[in-house]
Amino acid sequence: MKTCLILEGGAMRGMYTSGVIDTFLENNIHVDGIIGVSAGALFGVNYCSKQIGRALRYNKKYINDKSVDYMSFKSLIKTGNLINKDFAFNELPFKLDVFDEKEFQKSKTDFYATITNIKTGKAEYVKVTNTEKQMEVFRATGAMPFVSQFVEIDNELYLDGALGDSIPITQAMNMGYDKLIVVLTRPLNYKKKKPLEILAKIKYKEYPNLIDAINTRYKKYNETIEKIIDLENKKEIIVIRPTKDLKIKRIERNVDKLQEMYDLGVSDCKKLLPNIKSFLSGEVEVYGKKRIQKSTQKRK
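Keep in mind the model is a prediction, meaning the values are calculated, not measured.

Rules used throughout
All chains use their own residue numbering, which begins from 1 and follows the written sequence. Only residues with pLDDT of at least 70 get local features here, since the model is predicted, and only at 80 or more are side-chain atom pairs given and counted; chain-wide, interface and lining totals rely on the full set of residues. Neither water nor hydrogens contribute to the side-chain values; these are computed over all heavy atoms in the structure. Segments assigned H or I by DSSP are reported as helices when at least four residues long, segments assigned E as strands when at least two residues long, and all are numbered from the N terminus. Atoms counted for the radius of gyration: C-alpha only. Globule rule: 2.2 Å times the number of residues to the power 0.38. Burial status follows relative accessibility: with a 1.4 Å probe on protein chains alone, a residue under 20% of its type maximum counts as buried, one over 50% as exposed, and anything between as partly exposed. Contact definition: two residues touch when any of their heavy atoms are within 4.5 Å. What counts as a salt bridge is simple: a side-chain nitrogen of Lys or Arg found within 4 Å of a carboxyl oxygen of Asp or Glu. The definition of a nonpolar core used throughout is a set of buried Ala, Val, Leu, Ile, Met, Phe, Trp, Tyr and Cys residues joined through side-chain atoms within 4.5 Å. Exposure above 30% relative accessible area and the lack of any salt bridge qualify a residue for a patch; like charges then connect within 9 Å, and the nonpolar side chains Val, Leu, Ile, Met, Phe, Trp and Tyr within 5 Å. Computed by Shrake-Rupley with a 1.4 Å probe, the accessible areas treat only the displayed protein chains as cover when residues are assessed. For a helix, the expected span equals 1.5 Å multiplied by the number of residues minus one. What is called the bend at a residue is the angle between a pair of axes, fitted to the seven residues leading up to and ending at it and to the seven starting from it. Any N or O atom pair separated by 3.5 Å or less is treated as a polar contact, with the protein-specific requirement of one donor-capable and one acceptor-capable atom, and with residues adjacent in sequence counted only for side-chain atom pairs. Lining residues are those with an atom within 4 Å of a point, where the points come from a 1 Å grid over the protein atoms alone and group into cavities, where a 1.4 Å probe fits but cannot get out, or pockets, open sets with protein on both sides within 12 Å along at least five of seven lines. Grid points are joined across faces, edges and corners, and a volume is the space filled by probe spheres set on the points. As a working rule, the residues Ala, Val, Leu, Ile, Met, Phe, Trp, Tyr, Cys and Pro are called nonpolar, Asp, Glu, Lys and Arg charged, and the rest polar, with Gly in that last group. Note on method: axes are straight lines fitted to C-alpha atoms, helices fitted across the in-contact stretch only, with angles between N-to-C directions ranging 0 to 180 degrees. Oblique is the label for every angle not falling under 35 degrees (roughly parallel), over 145 degrees (roughly antiparallel), or within 65 to 115 degrees (roughly perpendicular). Helix crossings get a hand from a simple test, with the near helix turned counterclockwise from the far one by less than a right angle marking a left-handed crossing and a clockwise turn marking a right-handed one.

Caption draft 1: Layout of the overall build of the protein. When helices and strands are tallied, the protein shows 11 helices and eight strands. Radius of gyration (C-alpha) of the protein: 19 Å, near the 19 Å computed for a compact globule of 300 residues. Seen through its C-alpha atoms, the protein measures out along the principal axes to roughly 65 × 40 × 35 Å. Residue burial in the protein is summarised as follows: out of 300 residues, 56% are buried. When contacts within the protein are restricted to residue pairs at least 6 apart in sequence, long-range pairs at least 24 apart make up 72% of them.

Caption draft 2: Just the pattern of salt bridges, in detail. Enumeration according to the criterion identifies 12 salt bridges in this entry. A salt bridge links lysine 95 to glutamate 91; its shortest N-O distance comes to 3.3 Å. Highlighted residues: lysine 95 and glutamate 91, both in helix H5 (residues 85–96), separated by four residues, approximately one helical turn. The closest approach of N and O atoms between lysine 127 and aspartate 110, which form a salt bridge, is 3.4 Å. Of this pair, lysine 127 sits in strand E4 (residues 123–127) while aspartate 110 sits in strand E3 (residues 110–117), and the two are 17 residues apart along the sequence. The network of salt bridges with shared partners includes Lys50, Glu103 and Lys106.

Caption draft 3: Just the nonpolar core, in detail. In terms of nonpolar packing, the biggest core is built from 74 residues, with Leu5, Phe24, Tyr70, Phe111, Ile181, Ile240 and Ile276 touching the most fellow members. Broken down by element, this core gets its largest block of residues, 11 residues, from helix H11 (residues 255–281). One finds Tyr177, Tyr221, Ile225 and Ile228 within the second-largest nonpolar core, a separate group that totals 18 residues.

Caption draft 4: Region of the structure containing a nonpolar patch on the surface. A surface patch of nonpolar side chains, amounting to about 490 Å² of accessible area, comprises Phe146, Leu196, Ile198, Leu199 and Ile202. For leucine 199, the position within the fold is in helix H9 (residues 197–203). Residue leucine 199 is classed as partly exposed on the basis of its relative accessible area, which comes to 46%.

Caption draft 5: Molecular detail of H11. An ideal rise of 1.5 Å per residue puts 39 Å on 27 residues; H11 measures up with 37 Å between its terminal C-alpha atoms. The largest bend in H11 comes to about 55°, at leucine 273, with the proline proline 274 one to four residues further on. At the N-terminal boundary of H11, the capping side chain belongs to asparagine 254, with an oxygen 2.9 Å from the backbone nitrogen of aspartate 256. After H11 finishes, the residue glycine 282 shows a positive phi value of roughly 90°.

Caption draft 6: Just unusual backbone geometry, in detail. Despite not being glycine, lysine 50 shows a phi value in the positive range, around 60°. Its relative accessible area of 55% is what places lysine 50 among the exposed residues. Backbone geometry places asparagine 189, a non-glycine residue, at a positive phi of 80°. By secondary structure assignment, the location of asparagine 189 is in the loop between strand E7 (179–183) and H9.

Caption draft 7: Structural context of the layout of surface pockets. Estimated volume of the largest pocket: approximately 610 Å³. Contributing to the lining of the largest pocket are 25 residues, with Pro145, Leu163, Lys192, Arg217 and Arg250 lying nearest its centre. When residues in the lining of the largest pocket are grouped by element, the largest group, four residues, is from helix H10 (residues 208–233). Across the lining of the largest pocket, the residue classes break down as 13 nonpolar, three polar and nine charged.

Caption draft 8: Molecular detail of the packing of helix H3 (residues 54–62) against H5. In contact at an axis separation of 13 Å, H3 and H5 are set at 115° when each is read in the N-to-C sense. The angle between the axes of H3 and H5 places the two elements in the roughly perpendicular class. Between H3 and H5 lies a crossing of right-handed hand. Here H3 contributes Arg54, Tyr58 and Tyr62 to the contact with H5, which in turn contributes Phe87, Leu92, Pro93 and Leu96. When grouped by side-chain class, the residues that make up the contact of H3 with H5 number six nonpolar, no polar and one charged.

Put into structure tokens, the structure is as follows:
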């Protein structure tokens, strides 16, 4: 049986995900693979490097530091990127709060980052084997539309992975993962609303498939959530989602709210730990209904 952790994006709502993966690390919860989307990939990669607290630490330290210009409209105006790429993808991981590439290399967990091809409007799932050499993949998965430049990888242009596949549960199944744990950053009953379609048509008029991906994302997202709820109700997957709506902004600068979102991820995950461990062991399905899983192997 292969296990997969699927991490939704959501910019600074990803502090919730950081709390979850840190709790996994502290309790030795192992998964065979991770598929991260946007902030889910950017923060989730710390699971493979075993750097507990790193994502929370550097975001709280630098989010309001004007000297480094982490995320700002100043950066957007100057570079076309709301997130300062030089700082976020160079200074930060290599100098200021160094990512542990050696530990990442030793990890037995396969890590995939989701990116969206602007020509096709489809998601692509890139296996990351070296974060230093594949830093542009991380840039691409977090390149939010309208406030980011396209990111070039192998002569193709990409944006935020969430545009093509916000929660890649179907992809995980297609990749052969049997046991899925989905980490969402929105509470139960959240539904994404239809966007103002004209904005994408104006901004990306040369890329019709990208326009379609942006304008139909809400519908695909809501359909995926319904599928997740159905699988959850059937006790076939585990879902970890915020039990409170903390009203955190995508680009949240209040460090107390960042901490609160992180703490909620820790708290919600800890409550589910017994079910998570039993689910992964194959002994018990989720949410308290115990049963030994039937072997999938044919008897000789």
